[in-house]
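Below are the chains, spelled out letter by letter.
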Amino acid sequence: MSLLNVKNVTAKVAEQNILKGLNLEVKAGEVHAIMGPNGSGKSTLANILAGKPGYEVTSGSVEFDGHDISDWEPHERAHAGIFLAFQYPVEIPGVSNMEFLKASLDAKAFANKQEQTNAAAFIKQARSLAESLDLNPDFLKRGVNEGFSGGEKKRNEILQLLLLQPRLAVLDETDSGLDIDALQVVAEGVNRFRNDNNGVVLITHYQRLLDYIVPDYVHVLADGKIVQSGDKSLALELEKKGYAWLT
Amino acid sequence: MAHLELALASKPEPPRWLSDDSDQFQDAVNQALNSKVHRERWKYTKSQPILDMLEAPAVAPNWHTLPDGVVLRQITQDLQDAPLQNQIADAPEASSALCYHDKLTLIEASGNPTQPLIIEHRGHSAPIVLKLAANSHLELHEMYADNVDQHQTLWIELGAGSSLTHARNSFIKAKHWQFLHVNLARDASYVLHNHSCGAQLRRQDIQILCNEPGSNATITSASQVGEGQHLDQQITLEHRAANSSSDQVFHNIVEDKAKVTFNGRIHIHQHCPQVAATLQNKNLAMGDNATINTKPELEIYTDDVTCAHGATVGQLDPQHVFYCASRGIPLAEARALLAQAFLNTATTGPLAQQALSEFGIPTSDKADV
Ligand SMILES: Nc1ncnc2c1ncn2[C@@H]1O[C@H](COP(=O)(O)OP(=O)(O)OP(=O)(O)O)[C@@H](O)[C@H]1O
Ligand SMILES: [Mg+2]
């Protein structure tokens, strides 16, 4: 059964039709890369999946694990296992990263009737994840993304991904703004996350990322639709030819 | 304020130290009470319930152990010598408090004591005058015990080159009027960490006068105002000298059916170049029936100054709420978390931990990561 099934979705943002009949099916164990010109609707798709208010599915359906999730609240989707790594993670001064991570983990455990991670085990886990992503554990004490560099914010998204262990990870340009070393660290994190039971939707502009995170499929999203799909070689072709030949 | 005049007139016996000049004093007070500035300050809060408290007998605060270099005396002093003499126009209500108290508490501090001076108010306090000697440094903690109506008037004189860190945690659940007046001499520095919640009516008058060059005042304030409660903050910052500076941040959480009045006035006098003054008042409304009246007031009579002044009334940032939700934190919990964050960023200083726990903000996570 497919993990995610987006069927012929049209979607509106601020009274504009942005997605215009989009289809995407992701099965467990798969990584799908989505590329495409600026403004084509990639982040809109990501937001639709996460249930961001203001992003409205006007026709078609979004199914996760066989359930139509169109009416689900964002936190319910998170509890079910959808995770969005933001293109622009927000800063929340006054809430420590640690507190935020614990609140996320506890909320998910509570909703799924699981036991909460005890505080000591949690701290240990968070620290070791931070270290594995080359983030100084002191980051955990600071406000959520507060004063983090662009690259640090992106690594923090991956830290959350690894901690929350969702079923479906939607990574919106997590590679943008990363230096070469950080790119490898982040890619390594995503590869650690990958397994046969989860799926990844990887939005990116750069073929380079796909050298590190090898996708099963590459799709081109243009003007609100998937206009081309292929394997990883499609990314190389796009790198050479650009998008013009597809639209 | 006719009622106060009446109250003053019906006062049976003016204190001894007032007897010579009491008419003159009362005239001055009455005149100030009828001024436009004064009426503006009481626009959203009925003054009667506050001023009524002036007549109540004073209760001695708990002074804990006085730090080295701090001397405390009860004085009856001649009005002519009173440090407050010149302040009647700015602070008529507080000045009139003097009529009801025979004695003032005079605290003189000098040196650099390692222990804080702790004042724990337990009811209405007689006026307190704190004088910090030149080049001295002191930490002052003000706390309030017992949930009974209280008022305090505190007059602070900071000598040249001195510095005072003042932490004030006001959590009593009653009617509460706090009047604070600070005079800064050359290069003096005053830092206020102000936290409050819980009072059915709390009025905070804060008047800071940077009287001499190089003086600096900083206020960081966080307040939580619950349903049915009213917080009224009346802040005046007078820059009367060149090269003086001030930074003020006030964060208020206003629950549904709660009310906040904020009046933040910055007054930069003539011939005061190189003054830098900022004031930020942010109010977070947690319901549709929160009432917020915030008014920035700027009066600037010198060109060469930098001044930033902003007041906002807002709801939680939807981007923040969505970020939380996308991590599985439900709306109600996200709101609580973000409201706490908003308070947290303005909760500072030596009594911050205590304030956070009063606000119901967990602090354990921060201790050791
Ligand atoms: N909240 C919004 N309000 C108004 N317009 C929006 C909003 N969100 C997206 N849009 C518009 O929808 C279109 C698609 O935006 P989207 O962010 O999905 O593009 P993208 O493919 O992610 O682009 P990029 O590669 O630059 O990140 C753009 O024209 C954008 O301006
Ligand atoms: Mg985008």
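Residues numbered from 1 in each chain as written. Chains lettered and ligands numbered in written order. Predicted model: local features only at pLDDT ≥ 70, side-chain atom pairs only at ≥ 80, totals over all residues. Heavy atoms only, no water.

*Asks:* Even after reading the chapter, I still don't get the overall build of chain B, so can you show me in this structure?
*Replies:* Helix and strand counts for chain B come out as nine helices and 17 strands. Taken across its 369 residues, chain B has 57% of its residues classed as buried. Total accessible area computed for chain B in this model is approximately 14,400 Å², and 47% of it derives from carbon and sulfur atoms. (Helix = DSSP H or I, 4+ residues; strand = E, 2+ residues; numbered from the N terminus. Buried < 20%, exposed > 50% of the residue type's maximum accessible area, 1.4 Å probe, protein only. Areas by Shrake-Rupley, 256 points an atom, 1.4 Å probe, with all protein chains shown as cover.)

*Asks:* Got a minute to help me understand the overall build of chain A in this structure?
*Replies:* The helix and strand inventory of chain A stands at eight helices and 12 strands. Taking 247 residues into account, the globule formula puts the C-alpha radius of gyration at 18 Å, and chain A, at 18 Å, falls close to it. Viewed in the frame of its principal axes, chain A has a C-alpha envelope of about 55 × 40 × 35 Å. The buried share among the 247 residues of chain A stands at 55%. Sequence separation of 24 or more characterises 69% of the internal contacts of chain A that already satisfy a separation of 6 or more. Working note: accessible area of chain A is about 10,600 Å², and carbon and sulfur atoms make up 46% of it. Positive and negative side-chain charges in chain A, numbering 25 and 33 respectively, have mean positions lying 1 Å apart. (Rg over C-alpha atoms; globule rule 2.2 N^0.38 Å. Contact = heavy atoms within 4.5 Å. Lys, Arg positive; Asp, Glu negative; His and termini not counted. Charge placed at Lys NZ, Arg CZ, Asp CG, Glu CD.)

*Asks:* Help me understand the environment of G41 of chain A in this model?
*Replies:* Residue and element names in this part refer to chain A. Along the chain, G41 falls in the loop between β3 (31-35) and α1 (42-50). The buried category is assigned to G41, whose relative accessible area is 6%. Distance from G41 to A11, taken between C-alpha atoms, is 9.7 Å for residues 30 residues apart in sequence. Not counting chain neighbours up to four residues away, the residues in contact with G41 comprise I18, L19 and L221.

*Asks:* Would you take a moment to explain the packing of helix α4 (residues 119-132) of chain A against helix α5 (residues 150-164) of chain A for this structure?
*Replies:* Pairs of packed helices are described in terms of their axes, by the angle between the two and the distance that separates them. All names here are of chain A. With their axes 10 Å apart at the nearest point, α4 and α5 run at an angle of 135° to one another. One element, α4, and the other, α5, form an angle in the oblique class. In this structure, α4 meets α5 at a crossing whose hand is right-handed. Contact residues: F122, Q125, A126, L129 and A130 in α4; L159, L162 and L163 in α5. Tallied by class, the residues present in the contact of α4 with α5 amount to seven nonpolar, one polar and no charged. (Axes fitted to C-alpha atoms, helices over the stretch in contact; angles between N-to-C directions. Parallel < 35°, antiparallel > 145°, perpendicular 65-115°, else oblique. Left-handed = near helix turned anticlockwise from the far one by under 90°. Nonpolar A, V, L, I, M, F, W, Y, C, P; charged D, E, K, R; others polar.)

*Asks:* Hey, could you run me through the site of ligand 1 in this one?
*Replies:* Residue and element names in this part refer to chain A. Lining the immediate environment of ligand 1, one finds 15 residues, of which G39, K42, S43, T44 and H205 sit closest. In the environment of ligand 1, an oxygen atom lies 2.6 Å from a nitrogen or oxygen atom belonging to the side chain of T44. A distance of 3.3 Å separates an oxygen atom of ligand 1 from a polar atom in the side chain of E173. Within the complex, 65% of the 640 Å² of free accessible area of ligand 1 lies under protein. Take the shell around ligand 1: its biggest share by element is three residues, from α1. Residues belonging to the shell around ligand 1 are distributed by class as follows: five nonpolar, eight polar and two charged. (Near = heavy atom within 4 Å. Polar contact = N/O pair within 3.5 Å; in protein donor to acceptor, adjacent residues only side chain to side chain.)

*Asks:* Mind showing me how you'd approach the interface of chain B and chain A here?
*Replies:* By a widely used convention, the size of an interface equals the accessible area lost when the partners come together. On the side of chain A, 38 residues touch chain B, which itself brings 24 residues to the contact. Summed over both sides, the interface of chain B with chain A buries roughly 2,500 Å², with 69% coming from carbon and sulfur. At the junction of chain B and chain A, the tally comes to one salt bridge. For R327 of chain B, the salt bridge identified is with E157 of chain A, shortest N-O distance 2.7 Å. For the pair chain B and chain A, the number of links is 10 residue pairs in polar contact (both at pLDDT 80 or more). Breaking the side of chain B that touches chain A down by element, the ones donating at least two residues are α6 (318-326), α7 (331-344) and α9 (364-367) of chain B. Here the side of chain B that touches chain A is built from residues that sort into 12 nonpolar, seven polar and five charged. (Buried area = accessible area lost by both parts, 1.4 Å probe. Salt bridge = Lys/Arg side-chain N within 4 Å of Asp/Glu carboxyl O.)

*Asks:* Help me understand the nonpolar core, please; the structure alone is not making it clear to me.
*Replies:* Grouped burial of nonpolar side chains is what soluble globular proteins tend to show. Core analysis: the largest hydrophobic core is formed by 56 residues, its most contacted members being L4 and L24 of chain A. The element that contributes the greatest number of residues to this core is α7 of chain B, accounting for seven residues. Residues contacting L4 of chain A, with those up to four places away along its chain left out, are L24, E25, V26, L49, V62, E63, L168 and V201 of chain A. Judged by nonpolar contacts, the second largest core, of 44 residues, contains L101, L163, V190 and V220 of chain A. (Core = buried A, V, L, I, M, F, W, Y, C linked by side-chain atoms within 4.5 Å.)

*Asks:* Sorry, what's going on with unusual backbone geometry here?
*Replies:* One can expect most non-glycine residues to show negative phi and most peptide bonds to be in trans. One non-glycine residue, E15 of chain A, adopts positive backbone phi at about 70°. Turning to its location among the elements, E15 of chain A is positioned in the loop between β1 (2-13) and β2 (16-27).

*Asks:* Honestly, the coordination of the magnesium ion (ligand 2) in this entry has me stumped. Any pointers?
*Replies:* Reference geometry at the metal: tetrahedral coordination by four donors gives ideal angles of 109.5 degrees; octahedral coordination by six donors gives 90 or 180 degrees. Binding of the magnesium ion (ligand 2) to the protein goes through S43 of chain A (OG) and Q87 of chain A (OE1), at separations of 2.0 to 2.2 Å. Of this pair, S43 of chain A sits in helix α1 while Q87 of chain A sits in the loop between β6 (82-85) and β7 (92-96), placing them 44 residues apart in sequence. (Donors = N, O, S within 2.8 Å, 3.2 Å for Na, K, Ca; no water.)

*Asks:* It is not clear to me how the packing of aromatic side chains should be interpreted in this structure. Could you clarify?
*Replies:* Using the criterion set out here, one finds eight aromatic pairs over all chains in the structure. Between F86 of chain A and Y323 of chain B, the aromatic rings sit 4.9 Å apart at their centres with planes inclined by 65°, giving edge-to-face as the arrangement. Of the two residues, F86 of chain A sits in the loop between β6 and β7 while Y323 of chain B sits in helix α6, which places them in two different chains. In this structure F86 of chain A comes out as buried when scored by relative accessible area, which is 9%. Ring centres of W177 of chain B and F179 of chain B lie 6.4 Å apart, and the angle between their planes is 65°; this geometry places the pair in the edge-to-face category. (Phe/Tyr/Trp six-rings, centres within 6.5 Å; stacked < 30°, edge-to-face > 60°.)

*Asks:* Would you mind going over the sheet that holds strand β2 (residues 104-109) of chain B with me for this structure?
*Replies:* Within a sheet, neighbouring strands are paired by backbone hydrogen bonds and run either parallel or antiparallel to one another. All names here are of chain B. With respect to topology, nine strands assemble into an open sheet ordered β1-β2-β4-β6-β8-β10-β12-β14-β16, the strand pairing being mixed. Two strands bound the open sheet, and with one partner strand each, they are β1 (70-75) and β16 (291-300). Between one strand axis and the next, the sheet turns by 10° as a mean value, whatever way the strands run. Relative to strand β4 (residues 128-132), β2 is paired through five bridges, and the arrangement is parallel. Opposite I107, over in β4, you have L130 as the bridge partner. (Pairing = 2+ DSSP bridges.)

*Asks:* In this structure, what is going on with α6 of chain B? I would like to understand it.
*Replies:* Since the α-helix advances by 3.6 residues per turn, residues separated by three or four positions end up pointing in the same direction. Residues and elements named next belong to chain B. Among the nine residues of α6, seven are classified as buried, and the element is accordingly described as predominantly covered. Of the residues making up α6, those classed as buried are H320, V321, F322, Y323, C324, A325 and S326. Between the side-chain oxygen of the N-cap and the backbone nitrogen of Q319 there are 2.8 Å, and the N-cap of α6 in question is D317. Two residues or fewer past α6, G328 is found with a positive phi of approximately 95°.

*Asks:* Is there a simple way to think about α5 of chain A in this case?
*Replies:* Compared with an ideal rise of 1.5 Å per residue, which puts 15 residues at 21 Å, α5 of chain A spans 22 Å between its outermost C-alpha atoms and is within 8% of the ideal. Looking at the residues trailing α5 of chain A, positive phi occurs at Q165 of chain A, about 45°. (Expected span 1.5 Å × (residues − 1).)

*Asks:* Explain the pattern of salt bridges to me, please; I cannot follow it from the model alone.
*Replies:* Opposite charge on two side chains permits them to pair, given that their charged atoms come into close proximity. All names here are of chain B. Evaluated as defined, the whole model comprises 21 salt bridges over all chains. When the shortest N-O distance is used, the salt bridge between K43 and E40 registers 4.0 Å. Overall, E40 belongs to the partly exposed group, its relative accessible area being 27%. Among the salt bridges present, the one from D205 reaches R203, with a minimum N-O distance of 2.9 Å.

*Asks:* Hey, could you run me through the pairing of strand β8 (residues 175-184) of chain B in this one?
*Replies:* Consecutive residues of a regular strand have side chains that alternate between opposite faces of the sheet. All names here are of chain B. The buried count for β8 comes to 10 of 10 residues, which makes it a mostly enclosed element. Sheet analysis places strand β6 (residues 150-158) next to β8, joined by nine bridges and oriented parallel. The residue of β8 that forms the bridge with I156 is V182.

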